[in-house]
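# Results of the structural survey
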Amino acid sequence: MNNDLTFTSVDALGTLLAQIADLTKQADAIKDSIKDTASAGGAKVVEGAIFKATYSETNRTVFDKDAFIKVHGADAYAKFTKTTAVFSVKVTSR
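Predicted, not measured: the structure shown is a model, and the values here were computed from it. (Residues numbered from 1 in each chain as written. Predicted model: local features only at pLDDT ≥ 70, side-chain atom pairs only at ≥ 80, totals over all residues. Heavy atoms only, no water.)

The next subject is the overall build of the protein chain. A tally of regular secondary structure across the protein chain gives three helices and two strands. Secondary structure of the protein chain in N-to-C order comes out as α-β-β-α-α. For 94 residues, the compact-globule estimate of 2.2 N^0.38 gives 12 Å, and the protein chain exceeds it by more than 25% at 22 Å. Taking the principal axes of the C-alpha coordinates as reference, the protein chain spans close to 55 × 50 × 20 Å. (Helix = DSSP H or I, 4+ residues; strand = E, 2+ residues; numbered from the N terminus. Rg over C-alpha atoms; globule rule 2.2 N^0.38 Å.)

As structure tokens, this is what we get:
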């Protein structure tokens, strides 16, 4: 294993992920403010000097796996599922 990768890159990755988490929190707070205002009858479009934010409402349909299994059984559900390998990197502070 390359020690430079272990010590330098992992710390850089952890720092970047922490910064991303902080920025995401800030962005989510601004989005929530826009959503709250627009859903209460306020502006649906907010324009800045560079960017424009547009609020929209849509309906989302989701598949209820548990209800399907109750009605049709786990074997029926298994016929239409597939398993794939997923790889991930988890970073935690020391």
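Summed over all chains, the structure comprises one salt bridge. In this structure, D32 engages K35 in a salt bridge whose closest nitrogen and oxygen atoms are separated by 3.7 Å. On the criterion of helical spacing, the pair formed by D32 and K35 is a turn pair, its members being three residues apart in helix 1 (residues 3–39). The exposure class of D32 is partly exposed, given its relative accessible area of 40%. Overall, the relative accessible area of 41% leaves K35 in the partly exposed class. (Salt bridge = Lys/Arg side-chain N within 4 Å of Asp/Glu carboxyl O. Buried < 20%, exposed > 50% of the residue type's maximum accessible area, 1.4 Å probe, protein only.)

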